[in-house]
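Analysis of the macromolecular model
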Amino acid sequence: MTTRSDAHGGVIHDIGYRPYTGPRLGRRYATRSLYVQSLRAAFGLGRSGKSKVLPFLLLGGMAAPALGMLAIALFAHLDEMPMDYPGYLASFAVLPQIFLAAQAPVLMSRDLRHHVVPLYFSRPATRGDYVAAKFAAMFSALMIVLVLPLLLLFTGAMLAKFPVGDNLLHLLYGLVAAVLYALLYSALGLLIAAATPRRGFGVAAIMGVLMISFAVANITYALNGGFDPTQTSSSWAFLISPSALVESLVNQLFGLEADSPSALHAPGGAGTAVFTAVLLALTAGGYALTLRRYRNV
């Protein structure tokens, strides 16, 4: 039995939709847009007012002590700022850690929870572009939180007419410390946040890793005779904690807090090399594992 060739043929109806004929902005524009959107989300911009409270509260918490020190330096006619730039970041390290724990899941977990990650990958941006944009946004947000108080301290030093060269040099030390903190925190925080679609679990896991590792490092340091000035081998315990790792490395690299027995230092030249290698390995490893995580999404 035969049938006509057009018996099962389809018909295309023109119902008036116009095709997009504008410019295709491409992969670079998509990646840049994702970075800007993620950076805004880290501070709650473009979201509800409640989302802005914590990030700006933490930003203010980092800046407020610097403003207080600025006022003290001006009105008390001090010869130098009450606290050095890298030491300021170490003293208030818990605030950037809370910022990371609160905002890293905003950047990563929400997309997983709402199943929108495949929509990003259906566009020109690749999985590598997605991870790079999120990492750059988290790094930039942390740098804003870390660098703002340093600039306030430097402004106070200039208004109080402290030596420009010395303060500029120590500001540079503080900026190096801020970069190291931001790199390591971003790599670890985003890796943990990408592991779960539940924001609460991500917040608890990030804070747990940072706080527990710091406590374990200090306990290990104390048990190995860390408070004995002649005992330097105990400083290897600071490899356990990301925050202690950066603080001790910066102090040793730039010869800071040499007279303070309570300051953290890497154990000598060999320790400095090992601490640097561990910091780079943790940062690169965290980024690589995050990238691997999104290859399976």
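Please read these numbers as outputs of a predicted model, since none were measured by experiment. (Residues numbered from 1 in each chain as written. Predicted model: local features only at pLDDT ≥ 70, side-chain atom pairs only at ≥ 80, totals over all residues. Heavy atoms only, no water.)

**Regarding a nonpolar patch on the surface**
Together, Val53, Leu54, Leu57, Val94, Ile98 and Met211 make up a nonpolar patch on the protein surface, roughly 480 Å² of accessible area in all. Of all the elements in the fold, those that place two or more residues in the nonpolar patch are helix H2 (49-75) and helix H4 (94-113). Ranked by residues supplied to the nonpolar patch, first place goes to H2 with three residues. Among the structural elements, Ile98 can be located in helix H4. (Patch = residues over 30% accessible without salt bridge, like charges linked within 9 Å, V, L, I, M, F, W, Y side chains within 5 Å. Areas by Shrake-Rupley, 256 points an atom, 1.4 Å probe, with all protein chains shown as cover. Salt bridge = Lys/Arg side-chain N within 4 Å of Asp/Glu carboxyl O. Helix = DSSP H or I, 4+ residues; strand = E, 2+ residues; numbered from the N terminus.)

**Observations concerning H4**
For H4, with 20 residues, the first-to-last C-alpha span of 28 Å sits near the 28 Å given by 1.5 Å per residue. The sharpest bend along H4 measures roughly 35° and falls at Val106. Counting buried positions over the 20 residues of H4 gives 16, a clear majority of the element. At the exit of H4 stands His115, carrying a positive phi of roughly 60°. (Expected span 1.5 Å × (residues − 1). Bend = angle between axes of the 7 residues up to and from the residue. Buried < 20%, exposed > 50% of the residue type's maximum accessible area, 1.4 Å probe, protein only.)

**Some words on unusual backbone geometry**
Of note in the backbone geometry, Lys161 takes a positive phi value of approximately 60° without being a glycine. Mapped onto the fold, Lys161 is located in the loop between helix H6 (127-159) and helix H7 (164-193).

**What to know about the packing of aromatic side chains**
As enumerated under the stated definition, the model contains nine aromatic pairs in all. Each residue in the set Phe43, Phe56 and Phe99 is aromatic and connected to the rest through ring pairs, giving one cluster. (Phe/Tyr/Trp six-rings, centres within 6.5 Å; stacked < 30°, edge-to-face > 60°.)

**A closer look at the environment of Ala288**
Position of Ala288 relative to the elements: it lies in helix H10 (residues 268-295). By relative accessible area, which is 43% here, Ala288 ends up partly exposed. Counting along the chain gives 80 residues from Ala288 to Gly208, while the straight-line C-alpha distance between them is 22 Å.

**Considerations on the confidence of the model for the protein**
Looking at the protein, the pLDDT average stands at 86 and 91% of residues meet or exceed 70. Across the protein, the secondary-structure element scoring lowest on mean pLDDT is helix H5 (residues 117-121), at 75, and the one scoring highest is H7, at 94. (pLDDT = per-residue confidence, 0-100.)

**Quick look at the packing of H7 against helix H9 (residues 242-254)**
It is the contact of H7 with H9, at a shortest axis distance of 10 Å, that shows an interaxial angle of 155°. With respect to each other, H7 and H9 are oriented roughly antiparallel. Our pair here, H7 against H9, has a crossing hand that is right-handed. Where H7 approaches H9, its residues Tyr173, Val176, Ala177, Leu180, Tyr181, Leu184, Tyr185 and Leu188 are matched on the opposing element by Pro242, Ser243, Leu245, Val246, Glu247, Leu249, Val250 and Phe254. Taken together, the residues of the contact of H7 with H9 sort by class into 14 nonpolar, one polar and one charged. (Axes fitted to C-alpha atoms, helices over the stretch in contact; angles between N-to-C directions. Parallel < 35°, antiparallel > 145°, perpendicular 65-115°, else oblique. Left-handed = near helix turned anticlockwise from the far one by under 90°. Contact = heavy atoms within 4.5 Å. Nonpolar A, V, L, I, M, F, W, Y, C, P; charged D, E, K, R; others polar.)

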